[in-house]
Amino acid sequence: MEKRLKSYLAAMEKLTECREKLRDMDTAARRQTADELLVQIQFFQHERLVHLIVTVTFAILTLLSILGCVLAPQPAIFALVALLLVLLVPYIRHYYILENGVQKLYVCYDRLAETCSK
């Protein structure tokens, strides 16, 4: 999903960064592109929500495991904490990429919508 988001974002930024290029497109093409962009934003928002739920769940489990280490220090619980931390870091990174990518897609949509209304 990360590769797909980055490639789609790069294409949309390239398309929307030049306002003159957008104005050269006919109105129907701009609206069709805006509609397609809205659909893609919805897909990425759904993905972002799923990853937020997974990331928060792993964070809560990690905190509970750390609390378990404090209350009853055992090697198995230390191993669980290590495993959860190893999984939590990539989840946070992936969520960060999704969040920032969707925010950038909003900017692209705003640029596109601005030229559609004129």
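Keep in mind the model is a prediction, meaning the values are calculated, not measured.

About the criteria used
- Residues numbered from 1 in each chain as written.
- Predicted model: local features only at pLDDT ≥ 70, side-chain atom pairs only at ≥ 80, totals over all residues.
- Heavy atoms only, no water.
- Helix = DSSP H or I, 4+ residues; strand = E, 2+ residues; numbered from the N terminus.
- Rg over C-alpha atoms; globule rule 2.2 N^0.38 Å.
- Buried < 20%, exposed > 50% of the residue type's maximum accessible area, 1.4 Å probe, protein only.
- Contact = heavy atoms within 4.5 Å.
- Areas by Shrake-Rupley, 256 points an atom, 1.4 Å probe, with all protein chains shown as cover.
- Lys, Arg positive; Asp, Glu negative; His and termini not counted.
- Charge placed at Lys NZ, Arg CZ, Asp CG, Glu CD.
- Core = buried A, V, L, I, M, F, W, Y, C linked by side-chain atoms within 4.5 Å.
- Expected span 1.5 Å × (residues − 1).
- Arc of directions from axis to C-beta.
- Patch = residues over 30% accessible without salt bridge, like charges linked within 9 Å, V, L, I, M, F, W, Y side chains within 5 Å.
- Salt bridge = Lys/Arg side-chain N within 4 Å of Asp/Glu carboxyl O.
- Phe/Tyr/Trp six-rings, centres within 6.5 Å; stacked < 30°, edge-to-face > 60°.

Asks: Help me understand the overall build of the chain in this model?
Replies: In terms of regular secondary structure, the chain is built from four helices and zero strands. For a compact globule of 118 residues, the expected C-alpha radius of gyration is about 13 Å, and the chain comes in at 21 Å, more than 25% above that figure. C-alpha atoms of the chain, sized along the principal axes, occupy 65 × 20 × 15 Å. Put simply, the chain has 118 residues, and 31% of those count as buried. Taking all contacts inside the chain whose residues are at least 6 apart in sequence as the whole, residues at least 24 apart take part in 79%. For the chain, the accessible area works out to roughly 7500 Å², and carbon and sulfur atoms hold 66% of it. Charge-centre separation for the chain: the mean point of 14 positive side chains lies 3 Å from the mean point of 12 negative side chains.

Asks: Quick question: what am I supposed to make of the nonpolar core here?
Replies: Here is a general trend for soluble globular proteins: nonpolar side chains tend to be buried in one another's company. Leu 5, Tyr 8, Met 12, Leu 37, Phe 44, Leu 105 and Leu 112 are the most contacted members of the largest nonpolar core, which has 16 residues in total. Contributions of two or more residues to this core are made by α1 (2-16), α3 (27-71) and α4 (75-117). Counting residues per element, this core draws most heavily on α4, at six residues. Contact partners of Met 12, with chain neighbours within four places excluded, come to Thr 33, Leu 37, Leu 105 and Cys 108.

Asks: Looking at this structure, I do not really get α1. What am I missing?
Replies: Note: α-helices contain 3.6 residues per turn, so residues at a spacing of three or four share the same orientation. With 15 residues, α1 should reach 21 Å at 1.5 Å per residue; the first-to-last C-alpha distance of 21 Å fits that figure. Along α1, the residues that are buried comprise Glu 2, Leu 5, Tyr 8, Leu 9, Met 12, Leu 15 and Thr 16. The buried residues of α1 all sit within an arc of 160° when viewed along its axis, so they share a single face. Exposed and facing more than 90 degrees away from the buried side of α1 are Lys 3 and Lys 14.

Asks: Looking at this structure, I do not really get a nonpolar patch on the surface. What am I missing?
Replies: On the surface, a cluster of nonpolar side chains totalling about 1100 Å² of accessible area is made up of Leu 49, Leu 52, Ile 53, Val 56, Ile 60, Leu 61, Leu 63, Leu 64, Ile 66, Leu 67, Val 70 and Leu 71. Note that Leu 63 resides in helix α3. Take Leu 63: its relative accessible area is 59%, and that puts it in the exposed class.

Asks: Hey, could you run me through the packing of aromatic side chains in this one?
Replies: Within a pair of aromatic rings, the relevant descriptors are the distance that separates the centres and the angle that separates the planes. In total, this model carries two aromatic pairs according to the counting rule given. On the basis of an interplanar angle of 45° and a centroid distance of 4.9 Å, the ring pair of Phe 58 and Tyr 91 is categorised as tilted. Of this pair, Phe 58 sits in helix α3 while Tyr 91 sits in helix α4, and the two are 33 residues apart along the sequence. Looking at Tyr 91, the relative accessible area reads 25%, which means it is partly exposed.

Taken by themselves, the reported measurements are silent on function.
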